[in-house]
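Structure at a glance
Listed below, chain by chain, are the residues.
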Amino acid sequence: MIRLEHLSKVFQVGTPNENPAIRDVNLNVKEGDFITIIGSNGSGKYTLFNLIAGTYPPTEGKVFIQGKNTTKEPEYKRARYIGRIFQDPLLGTASNMTLEDNMMITYKKGFKGLRISLNARIREFFRENLEPLQMGLEERMKDNVGLLSGGQRQALTLLMMVLSKPALILLDEHTAALDPKNAQIVLDLTTRFVEEYRLTTMMVTHNMSHAIKYGTRLLMMDSGEVILDVEGEEKRTLTVEKLVDKFHEIRNKSFASDEALLSND
Amino acid sequence: MIEGILVEGLLYSVMALGVFITFRILDFPDLTVDGSFPLGAAIAATLITHGVSPWLALLVAFAGGVAAGCVTATIHNKLKVPNLLAGILTMTMLWSINIRVLGNRANLPLIRKTTVLTQVKDLFGPGFTNAWTYLIFFVVVALVIKFLLDLFFRTDLGLTLGAMGNNQQMVTTQGVNIEYMKLIGVGLSNGLVGLAGGFAAQYQGFADVSLGQGIIIAGLASVMIGEFIVKSNRISILTLRVILGSILFRGLMYLGRYYGYTINLTPNDLKLITGLLIILSLVVTQLKKKKKWTALEEPEKGKS
């Protein structure tokens, strides 16, 4: 489904500030995977998402989406099969437009023509899909999105993204900017949509217990590398303690190899 | 007199609608307008003196404006130049081009030529005064353009353009190339400005290369004055208030021109007044925002 081959990204190449953000990442995302990604700040989660989405090109390596080499495709082209939600709830919707206008824009991917698609039938369809959110949004379809709360906006963004039927969804700490109650609502909604529409999902989170509780596969990143990749039974029996232990185990190993490198010098 | 203000307000509202598209919908402050307005005038005047139908001349003026807008958008898109600079570049180059279009002259009179206005006058017959004929004609012109724009911004493409000014990331995430969107938006905007230039040349009876000087500020002032009239998120109201704003702005300018002497104003001060008008609009908007913030600080009542 998604294949990353020897993917690397170095920022500010050739300057004293040269910063390798992603180092030789190989990853194979299978159809139906719900991957949670965890890692500290600067571990490369965000850069990895940007490389998959095509915000910028990799320094080295290739990105395959559905078997197609998309390494050179610009972001807007790849966006036709990728649905992405950002941490900032403002990035998913246009605040000075109405709910129904927003839903109309994101309903179909790709270039838009001169057709007026927003009619009574499609409004009814949007209403039917807004109702299960239980936020009363179906009564506010002519309100500007700017009037909604952060949680409502993120739930709406999630629904809009699901309706556009992407092949892969990238969730970039999409609940981190919300208060705990709304974060839980949006997270529950996420798992419901992922199951209902069988979405292939990659979700970045800061929260270790969320990373363990949700999803079918867990990746841990550190210094631009994927240092842990567990799924199936191993993922199901994972606990926060085990995860921390594993992290220290791997970290120590890398310390050891650093020392080895230094002594060789 | 009042007819004169209304006619000018309606004529320039076509230009103001163009400015509204770039400044308010696309969030692309486009200064090409100062060049595309006289471009439209020059194209229309030249074609009419060569015996081309004045209606066709208007169409070509529109196309010329679209081309000018596309140049600005392309400079911005491909060379990653800030939009303001891209507009200034095109505007500056257009000055030379406009003189060429006029046949290496700075102005071109349209005396005793058939224009859309003389045709409309013939149609109405002698029962109507010039002023009323023009007024009816420009009411129709402004409303037709307004309705076409309203329709356009309800299409899928129009909605996406609307979202782009607010949230470019959303449009990209939707699989739409924002470079095309800017091309379409800025092109359409300058097309309207060129069209307005074409009308202005026929109404005033001449085209002049300096016709566009400061026109962008006039357009912006019209848009901002309109925003005080009524608040709404519906496109039909938004375009309507641009037209009303344009008429009000022409009214204010008229007052300044003919009654300004009572407070020692000369017509040369009008540019200063226009600038101050915009600054005043900005100040009022800021104050309104501040009021909103203080309202937010108070505990909200009746909300679960």
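Within each chain, residues carry numbers counting from 1 in the order of the written sequence. Lettering for chains starts from A, numbering for ligands starts from 1, and both go in the order in which the items are written. Under the rules for a predicted model, residues below a pLDDT of 70 receive no local features and side-chain atom pairs below 80 are neither given nor counted, while totals for whole chains, interfaces and linings still include all residues.

Here the focus is the environment of Gly-185 of chain B. A helix here means a DSSP run of H or I that spans at least four residues, while a strand means a run of E at least two residues long, and both kinds are numbered starting from the N terminus. Among the secondary structure elements, Gly-185 of chain B is positioned in helix α9 (residues 178-204). Sequence spacing of Gly-185 of chain B and Gly-18 of chain B is 167 residues, and the spatial spacing of their C-alpha atoms is 9.4 Å.

To continue, consider helix α6 (residues 130-152) of chain B. All names here are of chain B. To estimate how far a helix should reach, multiply one less than its number of residues by 1.5 Å. Here α6 spans 33 Å end to end across 23 residues, near enough to the 33 Å set by a 1.5 Å rise per residue. The complete set of buried residues in α6 reads Thr-133, Tyr-134, Phe-137, Phe-138, Ala-142, Lys-146 and Leu-149. Close packing links the buried residues of α6 with α1 (2-26), α5 (116-124) and α11 (235-259). Here the C-beta atoms are placed from the backbone, and a residue counts as buried if at least 20 other C-beta atoms lie within 10 Å of its own, exposed if 12 or fewer do, and partly exposed otherwise. By the convention adopted here, residues are in contact when the distance between their C-beta atoms, placed from the backbone, does not exceed 7 Å.

To continue, consider the packing of helix α3 (residues 99-107) of chain A against helix α5 (residues 150-163) of chain A. All names here are of chain A. Helix axes are fitted to C-alpha atoms over the stretch in contact, other axes to C-alpha atoms as well, and angles between N-to-C directions run from 0 to 180 degrees. Relative to each other, α3 and α5 sit at 35°, their axes nearing to 8 Å. Seen from above, α3 lies across α5 with right-handed handedness. Contacts between α3 and α5 involve Leu-99, Asn-102, Met-103, Thr-106 and Tyr-107 from the first element and Leu-156, Met-160, Met-161 and Leu-163 from the second. By residue class, the composition of the contact of α3 with α5 is 7 nonpolar, 2 polar and no charged. The hand of a helix crossing depends on one turn: near helix anticlockwise from the far one by less than a right angle means left-handed, and clockwise means right-handed. Gly is placed with the polar residues, together with every amino acid not listed as nonpolar (Ala, Val, Leu, Ile, Met, Phe, Trp, Tyr, Cys and Pro) or charged (Asp, Glu, Lys and Arg).

What follows concerns the sheet that holds strand β2 (residues 19-29) of chain A. Residues and elements named next belong to chain A. Should DSSP find at least two bridges between two strands, the strands are taken to pair. The 4 strands are arranged β2-β1-β4-β5 in an open sheet whose pairing can be described as antiparallel. Only two strands of the sheet have a single partner each, and these edge strands are β2 and β5 (68-69). Where strand β1 (residues 2-11) lies against strand β4 (residues 60-65), 5 bridges are found, and the strand directions are antiparallel. Residue pairing in the sheet places Arg-3 in a bridge with Phe-64 of β4. Along the sheet face, helix α1 (residues 45-53) touches β1, β2 and β4 and points at about 60° away from the line of β2.

This brings us to the nonpolar core. All names here are of chain B. Connectivity within a nonpolar core runs through C-beta atoms within 7 Å, and the core itself is a set of buried Ala, Val, Leu, Ile, Met, Phe, Trp, Tyr and Cys residues. Met-15, Ala-44 and Ala-196 are the most contacted members of the largest nonpolar core, which totals 150 residues. At 14 residues, α1 tops the list of elements feeding residues into this core. Those residues in contact with Ala-196, other than ones at most four positions away along the chain, are Leu-11, Tyr-12, Val-14, Met-15, Phe-37 and Gly-40.

In this assembly, 19 residues from chain B lie in contact with 28 residues from chain A. If you list the elements that add at least two residues to the side of chain B that touches chain A, you get α7 (156-166) and α8 (168-173) of chain B. Residues of the side of chain B that touches chain A, tallied by class, amount to 5 nonpolar, 12 polar and 2 charged.

As far as function goes, none of this settles anything; it's purely spatial.
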